[in-house]
Amino acid sequence: MDMINQWLAALLEGNVIFTPQTLGYYWEGLVTTSQLVFLSLVIGLVMAVPLAIGRSSRHRWISLPIYAYTYVFRGTPLLVQLYIIYYGVVFVEGIQETFLWPMLREAFYPALIAFTLNTAAYTTEIFRGAIKATPRGEIEAARAYGMSQALMMRRIILPSAFRRALPAYGNEVIFMLHASAIASVVTLMDLTGAARFVYARYYAPFEAFIFVALIYLCLTFAILYFFRYLEKKLLAHLKPA
């Protein structure tokens, strides 16, 4: 670690803004942003699969509450949701006496809850559309084999729906990465928070925010490449011979 610090110090010698200390703030922001986006996407994906199945149900008492949830979280700004959860949690009666309070008083966990609920709502609708688009022939073939509804959902509908939803879900991952920039408004030191700190310290808005924009750009290209690779593998059978 000392050798890396010495190499950075030599590389940035004479540079006023991008010093090893400020780059350390950017690195801390990158780690926080990556953790926040990754955890919210994973938890949101786990939530979205059963919600999408329920949203596709013919029983209105199952589908309507899920529809109301997705409508609210897709119809309101993520920033408003973050403010409500971050500032509103302290007004829940008795919350400060529970075991949850040590976590909820930290900015990371309210932000994680807001991001998870938001991405779960969008992912639910993405998967619901993919489930509805399942070719009727596949369902009839599964029924002809005597599959139950649960077995047909697990072996036929969900794998097929996941492949169809992959391009749209890739866009949702990128949108969540970009939306994570608002996490700094609740005192989280994410990438945007690091840029704000550098700007406030050195009064250099262009250098601070252009540098963080390049980091976001690199992360976006990495996500695009990953999903293009997945699409190439999972949708290879759709390519013309």
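None of these values were measured; they are calculated from a predicted model.

Enquirer: Would you take a moment to explain the packing of aromatic side chains for this structure?
Expert: In this description, an aromatic ring pair is defined by two values, namely the gap between the centres and the angle between the planes. The tally for this structure, following the rule as stated, stands at 11 aromatic pairs. With centroids separated by 5.6 Å and ring planes inclined at 35°, the aromatic side chains of tyrosine 83 and tyrosine 87 adopt a geometry described as tilted. Of this pair, tyrosine 83 and tyrosine 87 both sit in helix H4 (residues 78-88), 4 residues apart, which is roughly one turn of that helix. Here the aromatic rings of tyrosine 199 and phenylalanine 209 are separated by 6.1 Å at their centres, their planes lie at 50°, and the arrangement is tilted. Within this pair, whereas tyrosine 199 is found in helix H9 (residues 191-202), its partner phenylalanine 209 is found in helix H10 (residues 205-234), the two being separated by 10 residues in sequence. Owing to a relative accessible area of 36%, tyrosine 199 belongs among the partly exposed residues under this scheme.

Enquirer: Just checking my understanding: could you explain the nonpolar core for this structure?
Expert: In this structure, Tyr26, Leu36, Phe115 and Leu188 are the most contacted members of the largest nonpolar core, which totals 37 residues. Contributing elements (two or more residues each) for this core: helix H2 (20-55), H4, helix H6 (108-132), helix H8 (149-179), H9 and H10. Excluding residues that lie within four positions of it along the chain, leucine 188 makes contacts with Thr32, Leu36, Ala107, Phe108, Ala111, Ala183 and Gly193. One finds Ala130, Ile131, Met152 and Ala161 within the second-largest nonpolar core, a separate group that totals 12 residues.

Enquirer: Please explain the environment of leucine 30 as it appears in this structure.
Expert: As for its placement among the helices and strands, leucine 30 is situated in helix H2. Taking the C-alpha atoms as reference, leucine 30 lies 29 Å from phenylalanine 99; in sequence the two are 69 residues apart. If near-sequence neighbours (up to four positions away) are discounted, leucine 30 is found in contact with Leu191, Ile215 and Leu219.

Enquirer: What's the story with H4 in this structure? I'm lost.
Expert: Residues that lie three or four places apart on an α-helix share one face, since the helix turns once every 3.6 residues. Here H4 has its buried residues at Leu78, Gln81, Leu82, Ile85 and Tyr86. Looking down the long axis of H4, one finds its buried residues gathered within 120° of arc, a one-sided arrangement. Along its buried surface, H4 packs onto helix H3 (60-75), H6 and H8.

Analysis parameters
Residues numbered from 1 in each chain as written. Predicted model: local features only at pLDDT ≥ 70, side-chain atom pairs only at ≥ 80, totals over all residues. Heavy atoms only, no water. Phe/Tyr/Trp six-rings, centres within 6.5 Å; stacked < 30°, edge-to-face > 60°. Helix = DSSP H or I, 4+ residues; strand = E, 2+ residues; numbered from the N terminus. Buried < 20%, exposed > 50% of the residue type's maximum accessible area, 1.4 Å probe, protein only. Core = buried A, V, L, I, M, F, W, Y, C linked by side-chain atoms within 4.5 Å. Contact = heavy atoms within 4.5 Å. Arc of directions from axis to C-beta.

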